Each structure stands twice: as C-alpha cells, then as structure tokens.
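Spelled out, the chains give:
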There are 2 protein chains.
Amino acid sequence: MPHQPDPVTAKLAAYLVDAKPESLPAAVREEAVRTFVNWVGCAVGGSRHAAVVAALAALGPFSGPPRASVLGRSERVDPLLASLLNGISSHVFDFDDTHLRTVIHPAGPVASALLAFAEHQPVNGHDFLHALVLGIEVECRIGNAVFPAHYDIGWHITGSAGVFGAAAAVGKLLDLDAQRMAWALGLAATQPVGLREMFGSMTKSFHPGRAAQNGMTAALLAANGYTSSEQALEAKRGWLNVLSTEHDSQEITDGLGSRYEIAVNSYKPFACGIVIHPVIDACLQLRAREQLEPDAVRAVRLSVHPLVLELTGKTEPRNGLEGKFSVYHAAAVALCEGGGGEPQFSDRAVLDPAVVALRRRVSAITDPALQADAAHVEIALLDGRKLQLHVDHAIGSRHRPMSNTDLEHKFIGLSEDLLGQAPARRLLDACWSVEHLDDVAAIAAAART
Amino acid sequence: MPHQPDPVTAKLAAYLVDAKPESLPAAVREEAVRTFVNWVGCAVGGSRHAAVVAALAALGPFSGPPRASVLGRSERVDPLLASLLNGISSHVFDFDDTHLRTVIHPAGPVASALLAFAEHQPVNGHDFLHALVLGIEVECRIGNAVFPAHYDIGWHITGSAGVFGAAAAVGKLLDLDAQRMAWALGLAATQPVGLREMFGSMTKSFHPGRAAQNGMTAALLAANGYTSSEQALEAKRGWLNVLSTEHDSQEITDGLGSRYEIAVNSYKPFACGIVIHPVIDACLQLRAREQLEPDAVRAVRLSVHPLVLELTGKTEPRNGLEGKFSVYHAAAVALCEGGGGEPQFSDRAVLDPAVVALRRRVSAITDPALQADAAHVEIALLDGRKLQLHVDHAIGSRHRPMSNTDLEHKFIGLSEDLLGQAPARRLLDACWSVEHLDDVAAIAAAART
C-alpha cells in the first residue's frame, strides 16, 4: 500500500474554520495592528508609482462596479481589481513588512485582499484582524514548509505562498465550511504567482497584488460550489511536490493556534533591501552624534556581511531603483540627508552631485564574522579625526524592532504629502484602532484622495 | 564568463511582431478554422455545466462593462471574465482539441482570450485567425521544449504553457512592439496555471480559462507600459528552469514561420480521455457492421495499450465524470447506444441498468505491442458466434483525422439542443467562414441565447 501523506490541507482547513477571534493572544493582536498600519502606509505611499498608473490604465476599463478604493488615489474599482492594485502599491517601494525566516512580505497578499473584500461585504475590525492573522499564518507556514528550496528554485515566495494566505483570509470572512475551505486552498494552489526573474521590473510588485486577487477569486469560487482537490498541498502532484524539491509538511500544522507567525513579523525603517539596513542605521547614528557635514568627510569605510556586496554592490547606480541595490549610495545619502526613506532612493537623490561625490568616497569590505543585521562603519574626517560605530542589530531587526512611534513616523512620511497632514493623521489613528471599528471599509474610504 | 542562454524570449517576441497573416500556408489556415469550429462547439456545449454556473455566480458580481459573450448563454460580462468562462466551458467536457505530442489542449487558452478580446476591440477574421495560429504556435512550442518533464512533475501543461499562447495572441492584436511583446511573455511566465492534482474536479477546466484570462491581462499590462523581464523563458530563474527539470529551448525557435504546430492539431470524436478512443471506435464499427443488440452479447474482451488501464481502469464508475475514466463503461455504452458523445458520459448513461449489465461483461487485457491509437475488440455472442475487429488508428488520430463533416456532426450535437436547430447551423456556418468576417464579434453574438 502506498505511503499516505499527512492530510495537511484538511487539517489546515479545519483549523481555519474553527478558529475564533477571542482566542488570539493580546500580543498577536497588537502585532497584527502594527502589520496593518505599516501596510496601509506603504500602499498609500506607493500609490502614484508608474506601476500602479500602468496597471490602472490597463485594467481599469475592465473594472466591475466601483465599490473598492485604490489607497492613496481618487479612483474606485471593483474589489478584485482593488486587491491587485493595492498589492502592487504596497510592495512597489520594497518598503513593506518581512517575515525574516522565509523573506515573505506577509501583508501584501493578505491585507490587499481583505481590505478590498471589506468594501464588498461589511466586516468589523474584530473579524478583520482575525482574518489577517489567519491569512498570514497560512502563507508563512506554507513558506516555512518549503523554504529555502522553493525560493532557491526561483519562486518569489510572497506570490507563490501568498495566494494561500489571501484565499484563507477571505475564505474565513466568507464563513466557508471545511470542504469549501479546502477547495479554496486548492484553487489557490493551482494559481501560484511569481518568478524571481522578475525582480528589478514592475512585475515584482505585481506578485503580491495578483496573489491577493487570485486568493480572493479562489475563496469566492469555493463559496459558490466550484469544486477542487481537497489534498492540494500534500498530494503527489500537489503544490508542495510540484513547486519545491524539498518540504516539511509538519511546519504547516505543528502548533496551529498556539504560536503565530505574525508575532515575528518585521518592518523596514529604510526603503531598500534589508541587508543594507545596518549600514544606514550606523551612518544615521554617526551623523546625529557628531552633527556631521558631508563636506567634512574624507572617506567612509564599511565592514559588512558578505551578502551585502553580493546583493547590493552597485558602485555607480544610475537611478532610484538601482540606488536600492547600492550600499555605497545608501551610506552616502544617509550621511548627506539624515534619512533612508523613499526620497533617499529616488532618481533625484541618486543623481544629487553632493551624494554622488560622497558615494565615491565610500569603500566596503566584507567580514564573514558579522551577522546579517550587523555592520561596522569608520569615517575619516578632513580634520584628521576618525569616527567609528558598530551596529550589532539594525533598527527594524527582530532584536531592535521598530517602535510604534517609529512606525508612525514612517507612515506619516509615506502618506502626508499625498493625503495632506490632517487626513494622514486621521487615517493613521483609524488604522491603530482598526480592531474596534464596526466597518473596516471606513479605513479604505479615509485612504482615498 | 558564465554561459549565456539562448535569448529565446526575444527571438519569439521578434517573430510574433514581424509575422504577417499573408505568409500563412493555406493548409495551416484551414486547420486553424477547423480548430476554431471545434472550440466553439465545445464551448457552447459545455456552457450549462455546473462549473460554468458556479464561476458565473461567484465572479459575475465583479464583472466590468458587459461587452463580451458567454458562449451558449444569455449573459454578457467583461472580456476578461468572458475569457475565463469560455475557457472553462470549452474544456469541461474534456472534448476539446489535443496537441498529441504534449497533450496540450491548444484552443482553450488562446481562442477564449481572442474571441473575448474581439468583443473589446474590433478584429477582422484575417487577423483573428492569424493571432489564433500564432498563440497556438507559442504555447505548443514552449510545451514541446519541456514535455514530458514538466508534465511529469505535475503541471497541467494546458494552463501552464497556455498562458503564453493567450498573451502572444492578444499581444499580436494589440500590435505590441518587440519589447512590449517580451514583457507580455514575462507577465505570462509569472502567472502559470494548473496542477494535475486538480484533475477530476471543476478546477481542471478552470486552467485553460484562467490561462486565457492571465494571458490577456499580461498583454494589456504590457501594452500600457507595465515592465517585466525580457528573458522570462531562458533566464536562470525563468520559466523553463523553474517549472521544468529538463528543457530544450531550440524547440521554441527552430523553424519558426516554416512549420506550424496547429497543423498537427487533433479533435476528439468522443467525449472522454483520448486513450479510450480506439476501443469506442472498434465497438461502434462492430455494432454497425453486425447490427448488434446488447442483449445478444455474452462477453466483450478488449486488448489495449497499457496506458488505457492505468488512466481509465475504473470498473465501477458512479457518475458521468467517472465514466470518462472507465474503458469498461465506454465499450458498453458504445455498444448499447451507438455513440460516444457527452450524452454517453452523463450520469444517466453511466447508471443505465442495460449499460451497467453489459459493462460487467467487459474485460480488458493490456498488450504492449499495441500503439496508443490502436485496440483489438473480441465479442462473444450468446448464439456462439465470435466477432472481432482491430483498429490500427482510431478515428480522430493523426492518421485518421475527423473530416469536416465529422466536425459538423460533433458541433451540431453539442449545440443544437442549447441554441436551436437553425441558430446552431447559422453559428456553424459563421465559424467556417471566420476568416472572411469583417468583425469576428459577430460569432460571439451568434453563440448567445
């Protein structure tokens, strides 16, 4: 008799159907609110990017009844299209949340689907936050089961695993029974999104958006009796075997309901690849401590984890997007401008003569003894002084998470130019109190211009 | 210096952009018309299936402006949704066309996208047929490059390769330049659809539909400047490497424009898995030749290719869908009813006491010496006579293709109960003359009830 795989799809579906919002620990709920605040800020901030404009121009003419908001913009579209567009804008700056173990960006697929769905069918904050936690739980656990093999093959795991999170979250709000929840997971499994080859083009941010849209589609189909496999994950020709060379399916079900992946979510203080964060952190600290002027700097010498130069070793970036992959630019702009937000990774910043001049005085060596969230920075001044600073754990890492105040600054920085100062503040306050809203659609409305 | 892969994405894009309808050989155009006739008949025939009803109920509320037809039905929806629904209905009977080398069902993803697009933007029959040929060329060549490894892993190749065909075909009608055509292929590559695990559920027919919708989405995005990789097929983390363990990328580009995969397309005379076709063919010939009555049959003994019992060895099917995977039912119902169409694979037929009684007198042995399109049938009669018939090449195989008259009978059988006799005939005539229409949308309109 052939070996029967562990029926993880059915187990996961049963857990999702039975889960109760009351059982969420307070710390999990708090982290879910932080995840949501960070996601809304990123989605509003990215909403004027050319990728969003192009997607809206291409697909807007096919939109159904315009019941859902494109965050940060004036347009309304149907909820399925809104989930795509908000997923694109929330990821396009590469500034959204990160599940460090799998490099999944958890909120994009799940929150994009949920908020758009909340404009289709009223949802209170209690249920909304619960569905957000469950969706993120599903995508990150499936990610845990196949990481790193699945990612190494070339799947952009945020899209390929994220689709399950969106299906589970919307399926929970649709109150699917266990069989239909399994079908929703099956319909998600058959629609994975995202090859890593797309990194560097607009298609990267398409991935969380399309995962949101595909997951919502899966849940809607299942709710209407569209049948699928009930062993979509573990079957011989199911998702785990087809999309990965290795997997541990116990990661999907062990300790369900007793530990939560959202509890280890992390948020970026800087709008660039996470490996550069320790260097930016060190440069900002040195600048503040010494009240440094860029003109006073003779040379900057960075010691970094080997991955930093492998991933972000561009010495002469030509535009904002390439700047995100240049540790030299990141150090120079942090010293010049005292920040590491999206403005510091714009075309303007990357081409600024003062930044370019300082960038060319930055050198870097790798030190395998350094952890990924550590860096050492030495600055030689023209007056002969030498400064140095060692960062053990960069701001935003799990050891030094961003505080709520940090998240507020990030949110306001991303949104107030687009929404106006008072509306941005009101939106932020609404996000912090999401759990207590009678109708979460109010947040989407407050994020429209 | 690392090995540079053959830039097949760019070569394919350049070919698609440069291709001219005038260069299509007459035989290729004729086969394209046959492919289209067969596809329209299947889509109309499947249009009342529960899968179509469920998908329409789930997604209809999100439809944009209803400019496109759901073939065989009265509803109109937006063209993207129409491409999904028509793709589902055209495959749900498993009665559509087959590219035998790859088991791709070529028309589903491509024609479903093209006809819906033709209701969005007027297209004449000349350009329409050319785009159909090109889309099928792209999906089948990409399929050739990865078959069988890609299919063996567990991908439903009709969806996973079909998305390229839809993107290329719609991209051609959108008159994309070479860069945007490459982006369209990139956006297709990142949205493969379909795990084989879904076979036996409604999700199987979702695959060609979603491939059509994803491919049209890819072309629309690219047309609006949504950027993607321009090496989506051959890159280290591109589609060929990520979705297959082996590939031969020369299959994609060798002889482009001089040989056409649509020229070897095939059409099913019977509404079930193609491996059973030789048995049905033999039973129908014996029944007609001997004017057999089922009650006169003592026993039926089948000799078949080994794959037949592996794929269709169900001895006691419980419903119509399971009947499609039972060579025993297929032989019995062919002898009882003199046919092998969708009515012979309905719940009614599978549960008919006379068919069940005869089915239990059917036995089968495998013969590795038989080709896949061959079968040997022996019938022992109650009066002691023994009959036998050997089929070398089943009707519908490349050696004995369905004639245009066969295709007409199939089309009418699928459509006249739904559309009415005269409208079905008018629709058929319009399909045969598709190449000469000023506006192909007329066919979609004629297929509405």
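Computed from a predicted model, the values in this text were never measured in an experiment. (Residues numbered from 1 in each chain as written. Chains lettered and ligands numbered in written order. Predicted model: local features only at pLDDT ≥ 70, side-chain atom pairs only at ≥ 80, totals over all residues.)

Our focus in this paragraph is the overall build of chain A. Each helix and strand in chain A was counted, giving 22 helices and eight strands. C-alpha extents for chain A along the principal axes are approximately 75 × 55 × 40 Å. When each of the 449 residues of chain A is scored for burial, the buried share is 61%. For chain A, the share of sequence-separated contacts (at least 6 apart) that also reach a separation of at least 24 residues comes to 78%. (Helix = DSSP H or I, 4+ residues; strand = E, 2+ residues; numbered from the N terminus. Buried ≥ 20, exposed ≤ 12 C-beta atoms within 10 Å, placed from the backbone. Contact = placed C-beta atoms within 7 Å.)

Below, the discussion takes up the packing of helix H3 (residues 50-59) of chain A against helix H11 (residues 203-223) of chain B. Between H3 of chain A and H11 of chain B, the shortest axis-to-axis distance is 8 Å and the interhelical angle comes to 120°. As far as their axial angle goes, H11 of chain B and H3 of chain A are oblique. By crossing handedness, the relation of H3 of chain A to H11 of chain B is classed as right-handed. Contacts between H3 of chain A and H11 of chain B involve Ala-54, Ala-55, Ala-58 and Leu-59 of chain A from the former and Thr-217, Leu-220, Leu-221 and Ala-223 of chain B from the latter. In terms of residue class, the contact of H3 of chain A with H11 of chain B is built from seven nonpolar, one polar and no charged. (Axes fitted to C-alpha atoms, helices over the stretch in contact; angles between N-to-C directions. Parallel < 35°, antiparallel > 145°, perpendicular 65-115°, else oblique. Left-handed = near helix turned anticlockwise from the far one by under 90°. Nonpolar A, V, L, I, M, F, W, Y, C, P; charged D, E, K, R; others polar.)

This part takes up the pairing of strand S5 (residues 297-304) of chain B. The sheet contact formed by S5 of chain B and strand S7 (residues 375-381) of chain B spans seven bridges and is antiparallel. Paired with Val-297 of chain B across the two strands is Leu-381 of chain B, which belongs to S7 of chain B. (Pairing = 2+ DSSP bridges.)

Turning next to the interface of chain B and chain A. On the side of chain A, 48 residues touch chain B, which itself brings 49 residues to the contact. Within the residue set of the side of chain B that touches chain A, elements represented by two or more residues are helix H3 (50-59), helix H4 (79-91), helix H10 (178-189), H11 and helix H12 (239-243) of chain B. Among the elements that make up the side of chain B that touches chain A, the one with the highest residue count is H11 of chain B (seven residues). Counted by class, the side of chain B that touches chain A contains 25 nonpolar, 19 polar and five charged residues.

Frequently, the measure chosen for interface size is the accessible area that the parts lose on association. Residue and element names in this part refer to chain A. Taken as a whole, chain A is organised into domain 1 (8-267 + 413-446) and domain 2 (274-391). With centres defined by C-alpha atoms, the gap from domain 1 to domain 2 works out at 33 Å. At the junction of the two partners, domain 1 supplies six residues and domain 2 supplies four residues. Residues of the side of domain 1 that touches domain 2, tallied by class, amount to two nonpolar, three polar and one charged. (Domains from an automatic or database assignment.)

For the pair chain B and chain A, the superposition axis carries a translation of 0.1 Å, the fit reaches an RMSD of 0.2 Å, and the rotation angle comes to 180°. In symmetry terms, the pair is related by a two-fold rotation axis. Within chain B, the C-alpha atom positioned nearest to the axis of rotation is that of Gly-64 of chain B, 1.7 Å from it. Most of the interface of chain B is mirrored in chain A, where 98% of its interface residues are also at the interface. (Least-squares fit on C-alpha atoms with pLDDT ≥ 70 in both.)

Another aspect to go through is the nonpolar core. With 322 residues, the main nonpolar core has Leu-185 of chain A together with Leu-185 of chain B as its most contacted residues. Not counting residues within four places of it along the chain, the set of residues in contact with Leu-185 of chain A comprises Thr-9, Leu-12, Ala-13, Phe-164, Ala-167, Ala-168, Ala-232 and Leu-233 of chain A. (Core = buried A, V, L, I, M, F, W, Y, C linked by C-beta atoms within 7 Å.)

Our next topic: the sheet that holds strand S5 (residues 297-304) of chain A. Residues and elements named next belong to chain A. Overall, mixed pairing links the four strands, which are arranged S6-S5-S7-S8 in an open sheet. Strands with a single pairing partner mark the edges of an open sheet, and in this sheet they are strand S6 (362-366) and strand S8 (386-391). Across the sheet, the mean angle from the axis of one strand to that of its neighbour is 15°, orientation sign disregarded. Here S5 runs beside S6; their pairing, made up of five bridges, is parallel. Each bridged residue has a counterpart across the sheet, and for Ser-303 the counterpart in S6 is Ile-365.

All names here are of chain B. Its place among the elements puts Glu-251 in helix H13 (residues 250-253). Note on Glu-251: 17 C-beta atoms within 10 Å, which makes it partly exposed. Along the chain, Glu-251 and Ala-161 lie 90 residues apart, while their C-alpha atoms are 14 Å from each other. Filtering out sequence-adjacent residues up to four positions away, Glu-251 remains in contact with Arg-141, Asn-144 and Ala-145.

To continue, consider the packing of helix H5 (residues 107-118) of chain A against helix H9 (residues 162-173) of chain A. Residues and elements named next belong to chain A. Here H5 crosses H9 at 30°, and the two axes come no closer than 7 Å. Classified by the interaxial angle, the pair formed by H5 and H9 is roughly parallel. Two packed elements cross with a definite hand, and for H5 against H9 that hand is right-handed. Taken together, the residues of H9 that come into contact with H5 (itself represented by Gly-108, Pro-109, Val-110, Ala-113, Leu-114 and Phe-117) are Gly-162, Val-163, Gly-165, Ala-166, Ala-169, Val-170 and Leu-173. Looking at side-chain class alone, the contact of H5 with H9 contains 10 nonpolar, three polar and no charged residues.

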